[in-house]
Amino acid sequence: MLDRAPIFSPSVGRFPQGMIVQVPLFLDQLKEGATLETIHAALVAHYAGQLIVEVVPLDVSAKLARVDAVELAGKDTMKLFVFGSEGGEQVNLVALLDNLGKGASGAAVQNMDLMLSA
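Conventions used here
- Residues numbered from 1 in each chain as written.
- Predicted model: local features only at pLDDT ≥ 70, side-chain atom pairs only at ≥ 80, totals over all residues.
- Heavy atoms only, no water.
- pLDDT = per-residue confidence, 0-100.
- Helix = DSSP H or I, 4+ residues; strand = E, 2+ residues; numbered from the N terminus.
- Salt bridge = Lys/Arg side-chain N within 4 Å of Asp/Glu carboxyl O.
- Buried < 20%, exposed > 50% of the residue type's maximum accessible area, 1.4 Å probe, protein only.
- Contact = heavy atoms within 4.5 Å.
- Pairing = 2+ DSSP bridges.

Here's the deal with the confidence of the model for the chain
Next up, step 1: With 88% of its residues at a pLDDT of 70 or more, the chain shows a mean pLDDT of 83.
Next up, step 2: Across the chain, the element-wise mean pLDDT spans from 73 in strand β1 (residues 9-11) up to 95 in strand β3 (residues 53-55).

Here we look at the pattern of salt bridges
Next up, step 1: All told, the structure shown has two salt bridges when counted by the stated rule.
Next up, step 2: The partner of D68 in a salt bridge is R66, and the shortest N-O contact between them spans 3.9 Å.
Next up, step 3: A residue is classified by how much of its surface remains accessible, and D68, at 29% relative accessible area, is partly exposed.
Next up, step 4: Judged by relative accessible area, which is 59%, R66 ranks as exposed.
Next up, step 5: One salt bridge connects E71 with K79, and the closest N-O pair in it is separated by 2.4 Å.
Next up, step 6: Overall, E71 belongs to the partly exposed group, its relative accessible area being 34%.

Let's talk about the side chain of D98
Next up, step 1: In this fold, D98 is placed in the loop between β5 (90-97) and α3 (104-117).
Next up, step 2: Judged by relative accessible area, D98 falls into the buried class, the value being 2%.
Next up, step 3: Not counting residues up to four positions away in its chain, the partners in contact with D98 are Q17, G18, L72, A73, G74 and K75.

Here we look at the pairing of strand β4 (residues 78-84)
Next up, step 1: Counting buried positions along β4 gives five out of seven residues, so the element sits mostly inside the fold.
Next up, step 2: Across three bridges, β3 lies against β4 in parallel orientation. In the strand pairing of β4, V55 is matched with L80.
Next up, step 3: With seven bridges connecting them, β4 and β5 associate as antiparallel partners. Bridge pairing in β5 links M78 to L97.
Next up, step 4: Once β4 ends, the chain turns through five residues before running back antiparallel as β5, passing G87 with a positive phi of about 80°.

Now the structure itself:
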């Protein structure tokens, strides 16, 4: 249980499709021992084998100059990034997706995919 709710922070820009959603976390509000690496490892384990969600490796994320909001335009996939500094007190979870493909019909297709692959 958190003492403070995480901040949900969507980014808006001048692009026709694409969305960046950020959730900054304070590590001292999570389970003892939570680090940039353990959060990333938990996401990798949770999404292992998924075709729709990609958890970007930490070394790749660290080298990025920016996250491109339109990178996934027209695609029904999502990229998850974990940003922060080693030993730091905060982590920023970032999701990159095409928000126009994530409506009810996109959710229905994803749910069907999950049911058929189980």
